[in-house]
Amino acid sequence: MEYSDFESENTDLLRNGTSNADVDAEFEDDEEEIQMSSQEVLEALQRAWINEKFAPDLLPYEDALVEMVMIQLVHMEENLATANKNDLLYIVHRMEVERIRFIVASYLRCRLQKLETYAPHIIEVESGRPRNSKRLSAAEHKFAVDFHESVENHFNELVTRHMPQNHQDDERARRVIPNLDTHVFARARQDVGEYSLAGGELSVNIRAGAVHLFRYCDIEPLIIEGQLELI
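Residues numbered from 1 in each chain as written. Predicted model: local features only at pLDDT ≥ 70, side-chain atom pairs only at ≥ 80, totals over all residues. Heavy atoms only, no water.

By definition, the strands of a sheet pair up through backbone hydrogen bonds, in either a parallel or an antiparallel sense. If you walk across this open sheet you meet the three strands as β4-β1-β5, and the pairing is antiparallel. With partners counted over all chains shown, the strands left at the sheet margins are β4 (211–215) and β5 (228–230), one partner each. Pairwise comparison of adjacent strand axes, ignoring direction, gives a mean angle of 45° for this sheet. Pairing geometry for strand β1 (residues 183–188) and β5, over three bridges, is antiparallel. Pairing of alanine 188 across the sheet is with leucine 228, part of β5. Against the sheet, helix α1 (residues 38–54) engages β1 and β5, with an angle of about 65° to β5. Against the sheet, helix α5 (residues 216–225) contacts β1, β4 and β5, and its axis sits at roughly 120° relative to β4. (Pairing = 2+ DSSP bridges. Helix = DSSP H or I, 4+ residues; strand = E, 2+ residues; numbered from the N terminus. Axes fitted to C-alpha atoms, helices over the stretch in contact; angles between N-to-C directions. Contact = heavy atoms within 4.5 Å.)

The structure is reproduced here in structure tokens:
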């Protein structure tokens, strides 16, 4: 029996319940359709996971990657359900499925932790972004709003309503915001060339494969564009 495997096969992702067929993994990138193999999709999700772990602020949600990986996992589970569980190949593929599930869960858990920590800040910043620049999924936005309201209501019941009136509306003073000035290690995935840092006061020549230590706020656009990856 053949299994769909991210590591050993170079087939395209399966969509709409169709197996052993080539399909387009479509991403909106400069209005071009990009076809990605299942291996490339997993590698992209791994980069998104590592970037999210090391970025102090919340990065754009990779909804297309997560959706395609989850679709692929469904097909892999269906194949494994009919396999011989004593077969060594079954064991190998079961371990691969669990590894992929761990990556997806860790990626989503990392984002959830940031939402819980910076909920009011993230909600405010997100509301000011254009529609095509939103960083939260619809579910994440709803969670952040509900979580923030629950925390504020609980805080009000326990503390705020017992404080003097002039201290009851200091919600902004209690906010925790990400430190965008923190330093991160980043590796260039392609030649960037001369890049300005610190508001144009400095510049550095970034070449493919080079590793640099940057302030996060200086290179966030390059991370979002995929030119750099955090390590």
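A word on the pattern of salt bridges. Under the counting rule described, the total for this entry stands at 15 salt bridges. For arginine 135, the salt bridge goes to aspartate 57, with nearest N and O atoms at 3.9 Å. In this pair, arginine 135 sits in the loop between α3 (88–127) and α4 (138–158) while aspartate 57 sits in the loop between α1 and α2 (63–81), placing the two residues 78 residues apart along the sequence. For arginine 215, the salt bridge is made with aspartate 218, and the minimal N-O distance between the two is 3.3 Å. Given the relative accessible area of 14%, aspartate 218 is considered buried. Through salt bridges with shared partners, a single ionic network connects Glu52, Arg111, Lys114 and Glu140. (Salt bridge = Lys/Arg side-chain N within 4 Å of Asp/Glu carboxyl O. Buried < 20%, exposed > 50% of the residue type's maximum accessible area, 1.4 Å probe, protein only.)

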